[in-house]
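What the coordinates show
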Amino acid sequence: MKITIIGTGYVGLVTGACFAQVGHKVVCVDSDAAKVKLLQGGGIPIYEPGLEEMVKENVTAGRLSFTNFIKDGVEKSDVIFIAVPTPPQADGSVDLSYIESVARDIAAHMTSYKIVVDKSTVPVKTGEKVAETIKRYSKSKVEFDVVSNPEFLREGFAVDDLMKPDRVVIGVRSQRPVQAMKAVYQPFGSPIIVTDINSAELIKHAANSFLALKISYINAISVICEASGANVQEVAAGIGMDARIGRRFLDASLGFGGSCFPKDLSAFIKISETLGYDFGLLKEVQRINTQQMDRFVKKITETLWVLKDKKIGVLGLAFKQNTDDVRMSPAIDLCQRLLKDGAHLRVHDPQAMEKAKALLPKTVTFVSDMNKVAEGCDALVIATEWPVFKQLDLEQARKSMTHPILFDGRNLFDVAEMEKLGFIYKSIGR
Ligand code: UDX
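Everything numeric in this text was worked out from a predicted model, so none of it was measured.

1. Some details on the sheet that holds strand S12 (residues 379–382)
Read from one edge of the open sheet, six strands run S11-S10-S9-S12-S13-S14, paired in parallel fashion. Edge positions in the sheet fall to strand S11 (365–366) and strand S14 (424–426), since each of these pairs with one other strand and no more.

Structure representation (structure tokens):
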């Protein structure tokens, strides 16, 4: 199939590369000329395992190209995916101005039947608005169909998640685009659900907020574990063995972040309100998430007493492992809280240091070797679940710190091990 992807962010670029990988001819469009130039030169603006090689291979094979002009994209393809940002607004609603402007551009350049697919995460009933907009702005009055096709990619695992999706969700208003959409996804071999547009849009918000709920649930359980001397990892293992619950997304932490969960939760609560439902359960998910960070910072202040002029090492700046993304990162939030209390920070992240520099003051010391972060520190903090941190030279860290105190916001280390090594070790729910 000939496919156009509008927007080359975490979703658009990975989706375009994977579509090309399975044999489709893909044109990726971005309004940022510098980004298009970078991509045409083989550069990748984001870190996603496996993405760079996949883009290079498909550009060389002539299946993947980049352009700054929507006109090229619309004319060359039958199926046009919208994968532009839908940023959150202060009141929790979603800014759909990028979606609207792309819909208008597509309308202006359509000269034959097109399938316009919304892949961006949008509030339910957006599909109808996109269809109205294209109808209103299309000069040629050609026929088209709008489809909802939400993505379920996890950052850091996006290539895997797209090459082997658990399911593909396609929301349509008529049967006409179904065959073409099945032809797009047939090479991936995953189950395809065809439903109406509103249900497809809701599946996205319902899925994401359920995943966030699972995390806040185990984080609430972690509080009870600390109060009762239980171990939250044992509890997670025990309940996770029930096939109806499942072990994944039951890792207690200092809280979830990222560009999706916080935004999607607020958006879903807002949408529900406009539909006349007060989604109290999701407000509680948000409250528990904030409380989890408050409790973690309290552990640090209770142990260190005065933070002013204390030297604290922070391992992890990205919002999760395997990514360079620091948007709504709990690790960055933690750094900012410690800085506010006067602490001096030495920080490290395998991928996210460059992006973090834009969010942290110049007084923060960025350390390229994770084993040097602890030097002279009064405490060390694990803020992101990078597996490589488990290889930390704890002996060297203990010797190079003023006091062997470690706060583990991701339960990476073993409690007994750490105490045997002589650390004052505080973690989550254990
Ligand atoms: C999420 C959804 O998983 C994905 O399906 C959707 O398409 C986009 O939003 P993402 O935000 O990239 O993906 O990351 P995810 O792996 O879900 O983690 C989100 C946050 O939750 C991270 O901060 C992560 O560290 C945290 N988390 C995750 C936990 O604290 N505990 C867990 O058990 C899992």
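2. Details of the site of the ligand
As a matter of local geometry, the ligand sits amid 21 residues, with Glu155, Ser253, Phe319, Lys320 and Arg410 nearest to it. Contact between the ligand and Gly257: an oxygen atom at 3.1 Å from a main-chain N or O atom of the residue. Take Phe319: an N or O atom from its main chain is 2.8 Å from an oxygen atom of the ligand. Among the elements that make up the shell around the ligand, the one with the highest residue count is helix H9 (residues 197–228) (four residues). Within the shell around the ligand, the residues separate by chemical class into 10 nonpolar, three polar and eight charged.

3. Observations regarding the pairing of strand S5 (residues 114–118)
The buried count for S5 comes to five of five residues, which makes it a mostly enclosed element. Relative to S5, strand S4 (residues 79–82) runs parallel, the two sharing four bridges. Looking at S5, one finds that Ile82 is bridged to Asp118. Following the backbone out of S4, through helix H5 (residues 97–109) and into the adjacent parallel S5, one traces a crossover that is right-handed.

4. Focus on helix H10 (residues 232–240)
Those residues of H10 that sit buried are Val232, Ala236 and Gly240. Projected down its long axis, H10 carries its buried residues within an arc of 65 degrees, all on one side. Of the surrounding secondary structure, the elements contacted by the buried residues of H10 are H9. If you check the start of H10, you find a side-chain oxygen 2.7 Å away from the backbone N of Gln233, and it comes from Asn231.

5. Considerations on unusual backbone geometry
For Lys141, which is not glycine, the phi dihedral falls at a positive 50 degrees. Its location among the elements puts Lys141 in the loop between helix H6 (126–137) and strand S6 (144–148). Residue Lys141 is classed as exposed on the basis of its relative accessible area, which comes to 58%.

6. Here we look at the pairing of strand S2 (residues 25–29)
Most of S2 is tucked away, with four of its five residues classed as buried. Relative to S2, strand S1 (residues 2–6) is paired through five bridges, and the arrangement is parallel. Bridge pairing links Ile6 to Val29 in S2. Each parallel crossover has a hand, and the one from S1 via helix H1 (residues 10–21) to S2 is right-handed. Pairing between S2 and strand S3 (residues 64–67): four bridges, direction parallel. Looking at the pairing, Val29 lines up with Thr67 of S3.

7. Quick word on the domain arrangement of the chain
How large an interface is tends to be reported as the accessible area lost when its parts come together. Domain assignment breaks the chain into domain 1 (2–190), domain 2 (205–285) and domain 3 (293–426). When each unit is reduced to the centre of its C-alpha atoms, the spacing between domain 1 and domain 3 is 38 Å. Tallying the contact residues gives nine residues for domain 1 and 11 residues for domain 3. Carbon and sulfur atoms supply 43% of the area buried between domain 1 and domain 3, which totals about 770 Å² over both sides. It is Tyr10, Tyr47 and Glu155 in domain 1 that bury the most area against domain 3; as a group they hold 67% of the surface buried on that side. Linking domain 1 with domain 3 are one salt bridge. For Arg327, the salt bridge is made with Glu155, and the minimal N-O distance between the two is 3.3 Å. Where domain 1 touches domain 3, the interface holds six residue pairs in polar contact (both at pLDDT 80 or more). Of the residues assigned to the side of domain 1 that touches domain 3, the class counts are six nonpolar, one polar and two charged.

Rules behind the numbers
- Numbers given to residues run from 1 along each chain, matching the order in which its sequence is written.
- Residue-level local features of this predicted model are given only where pLDDT is at least 70; pairs of side-chain atoms are given and counted only at 80 or more, and the full residue set underlies all totals for whole chains, interfaces and linings.
- Excluded from the side-chain calculation are hydrogens and water; included are all heavy atoms of the structure.
- For two strands to be treated as a pair, DSSP must find no fewer than two bridges joining them.
- Only DSSP runs of H or I covering at least 4 residues are called helices, and only runs of E covering at least 2 are called strands; the numbering of each starts at the N terminus.
- Any residue with a non-hydrogen atom lying within 4 Å of a molecule or strand is treated as near it.
- By the criterion applied in these results, polar contacts are pairs of N or O atoms within 3.5 Å in which, for protein atoms, one can donate a hydrogen and the other can accept it, and in which residues neighboring in sequence qualify only through two side-chain atoms.
- Classes in brief: Ala, Val, Leu, Ile, Met, Phe, Trp, Tyr, Cys and Pro nonpolar; Asp, Glu, Lys and Arg charged; the others, Gly included, polar.
- Working definition: with a 1.4 Å probe on protein chains only, accessible area under 20% of the residue-type maximum means buried, over 50% means exposed, and in between means partly exposed.
- A crossover gets the label right-handed when its path from the first strand over the helix to the second runs clockwise, viewed with the strands pointing away from the viewer.
- To obtain the arc, one takes the directions from the helix axis to the C-beta atoms.
- What makes two residues a contact is simply this: any of their non-hydrogen atoms within 4.5 Å.
- Per the annotation, domain bounds derive from an automatic or database assignment of domains.
- Buried area: the accessible surface (1.4 Å probe) lost by two parts on joining, summed over both.
- The term salt bridge refers to a side-chain nitrogen of Lys or Arg lying within 4 Å of a carboxyl oxygen of Asp or Glu.

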